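If you want the building blocks of each chain, they are given just below.
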Amino acid sequence: VQLQASGGGLVQAGGSLRLSCAASEGSISSHVMGWFRQVLGQEREFVAAVAWSGGITHYADSVKGRFTISRDNAKNTVYLQMNSLKPEDTAVYYCAARRARFNRVVTSLREYTYWGQGTLVTVSS
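Here goes a summary of the coordinates provided. Because the structure is a prediction, the values reported are computed rather than measured.

Here the focus is the state of the cysteines. Summed over the entire model, instances satisfying the criterion amount to one disulfide. Two residues, Cys-21 and Cys-95, share a disulfide whose sulfurs are 2.2 Å apart. Across the S-S bond of Cys-21 and Cys-95 the torsion is about 65°, and the bridge reads as right-handed. In this pair, Cys-21 is assigned in strand 3 (residues 17–24) and Cys-95 in strand 9 (residues 91–99), connecting sequence segments 74 residues apart. Across the pair, exposure class does not vary: Cys-21 and Cys-95 are buried alike.

On inspection of all chains with the given rule, the structure shows five salt bridges. Taking the shortest distance from any N to any O, the salt bridge between Arg-37 and Glu-45 comes out at 2.7 Å. With a relative accessible area of 37%, Glu-45 lands in the partly exposed category. When the shortest N-O distance is used, the salt bridge between Asp-89 and Arg-66 registers 2.7 Å. Of this pair, Asp-89 sits in the loop between strand 8 (77–82) and strand 9 while Arg-66 is found in the loop between strand 6 (57–59) and strand 7 (67–72), placing the two residues 23 residues apart along the sequence. The class of Asp-89 is buried, set by a relative accessible area of 1%. Members of the salt-bridge network, linked through shared partners, are Arg-37, Glu-45, Arg-66 and Asp-89.

Another point: the sheet that holds strand 8. Within the open sheet, the four strands sit side by side as 1-3-8-7. Their pairing is antiparallel. Edge positions in the sheet fall to strand 1 (2–6) and strand 7, since each of these pairs with one other strand and no more. When strand polarity is set aside, the average angle formed by the axes of neighbouring strands in this sheet is 15°. For strand 1 and strand 3, the ladder comprises five bridges, and the chain directions are antiparallel. Residue pairing in the sheet places Gln-4 in a bridge with Ala-22 of strand 3.

Rules behind the numbers
- Residues numbered from 1 in each chain as written.
- Predicted model: local features only at pLDDT ≥ 70, side-chain atom pairs only at ≥ 80, totals over all residues.
- Heavy atoms only, no water.
- Disulfide = S-S within 2.5 Å.
- Helix = DSSP H or I, 4+ residues; strand = E, 2+ residues; numbered from the N terminus.
- Buried < 20%, exposed > 50% of the residue type's maximum accessible area, 1.4 Å probe, protein only.
- Salt bridge = Lys/Arg side-chain N within 4 Å of Asp/Glu carboxyl O.
- Pairing = 2+ DSSP bridges.
- Axes fitted to C-alpha atoms, helices over the stretch in contact; angles between N-to-C directions.

Below you can see the structure in the form of structure tokens.
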């Protein structure tokens, strides 16, 4: 599976962006999908994950209530809707995938197999 993240950009604080992660070279219908972010010089951190059915999601406390992860298996795409953005949300955002035997979420980056190239989100104050 190859992942291509897009949708990043520059936005003012309080604004919104929607990131997309399009998969190719295989279906993600049996994969748990996640979004992570990384600030230069810091470790990559978990943002959100969605189980392969789409009915189970999990969020980092820092984004809960502001971000929404969703997936469209027919389009082989995962989304991250980001609202009420803050300057501290500025980072490179990565999508990731892992084939899952069970319908569950995964929050540890070490458990993910496939990674996209990242898309930069910059939130100005």
